[in-house]
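Take a look at the letters that make up each chain.
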Amino acid sequence: VGVAYGRHATFGRMAAIELARGWKPDEVGIRSRLASGPVRVKGQEEAKKSTKTQWKLGACRLCGEEIKGGVVMEVDKLGGKMHRDCFKCSTCSKQLSGVPFMVHD
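Residues numbered from 1 in each chain as written. Predicted model: local features only at pLDDT ≥ 70, side-chain atom pairs only at ≥ 80, totals over all residues. Heavy atoms only, no water.

Peer 1: Before we move on, can you summarise the state of the cysteines with the specific residues and values?
Peer 2: Two cysteines joined by a covalent bond between their sulfur atoms form a disulfide. Considering all chains together, one arrives at zero disulfides under this definition. Free cysteine cysteine 86: the closest other cysteine sulfur is in cysteine 63, separated by 3.8 Å. Here cysteine 89 is not cross-linked by a disulfide; its sulfur's nearest cysteine counterpart is in cysteine 92, at 3.7 Å. Judged by its relative accessible area of 24%, cysteine 89 is partly exposed. (Disulfide = S-S within 2.5 Å. Buried < 20%, exposed > 50% of the residue type's maximum accessible area, 1.4 Å probe, protein only.)

Peer 1: Which residues make up the nonpolar core, and what values do they have?
Peer 2: Counting seven residues, the largest nonpolar core is built from Cys60, Ile67, Met73, Val75, Met82, Phe87 and Leu96. The residues contacting methionine 82, other than those within four sequence positions of it, are Cys60, Arg61, Leu62, Ile67, Val71, Val72, Met73, Val75 and Phe87. (Core = buried A, V, L, I, M, F, W, Y, C linked by side-chain atoms within 4.5 Å. Contact = heavy atoms within 4.5 Å.)

Peer 1: Would you mind going over the confidence of the model for the chain in detail, with residue names and values included?
Peer 2: Across the chain, the average pLDDT comes to 83, with 94% of residues at or above 70. Taken element by element, the predicted model of the chain shows its lowest mean pLDDT in helix α2 (residues 44-49) (76) and its highest in strand β4 (residues 80-83) (91). (pLDDT = per-residue confidence, 0-100. Helix = DSSP H or I, 4+ residues; strand = E, 2+ residues; numbered from the N terminus.)

Peer 1: Describe in detail the pairing of strand β2 (residues 12-18), supporting the description with residues and values.
Peer 2: Two strands pair when backbone bridges link them, and strand β1 (residues 2-8) and β2 are joined in this way by seven bridges, in the antiparallel orientation. Residue pairing in the sheet places glycine 6 in a bridge with methionine 14 of β2. The antiparallel hairpin formed by β1 and β2 contains three residues in its connecting segment. (Pairing = 2+ DSSP bridges.)

In structure tokens:
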């Protein structure tokens, strides 16, 4: 069984699982793939810009960009919905999703 975890443009994080008999890890190939990052498909970035979802989530309260899916936080004290990646401490930039936080004026 081969398992890999990583970032996903729509879902935030995902796991890929390969179930095959006789699977053996290719350490050189794995290191090379990790170093090169995600596969880039011609036209992929342009396609993402035109992606529409069935949900109207509005704009992120922090960055102002439209929320098109992925992991969304809703924090009433900050005015509503935002991308999880935008939900950071304004002083140290530490990710705040899933940890206790305080809102300061």
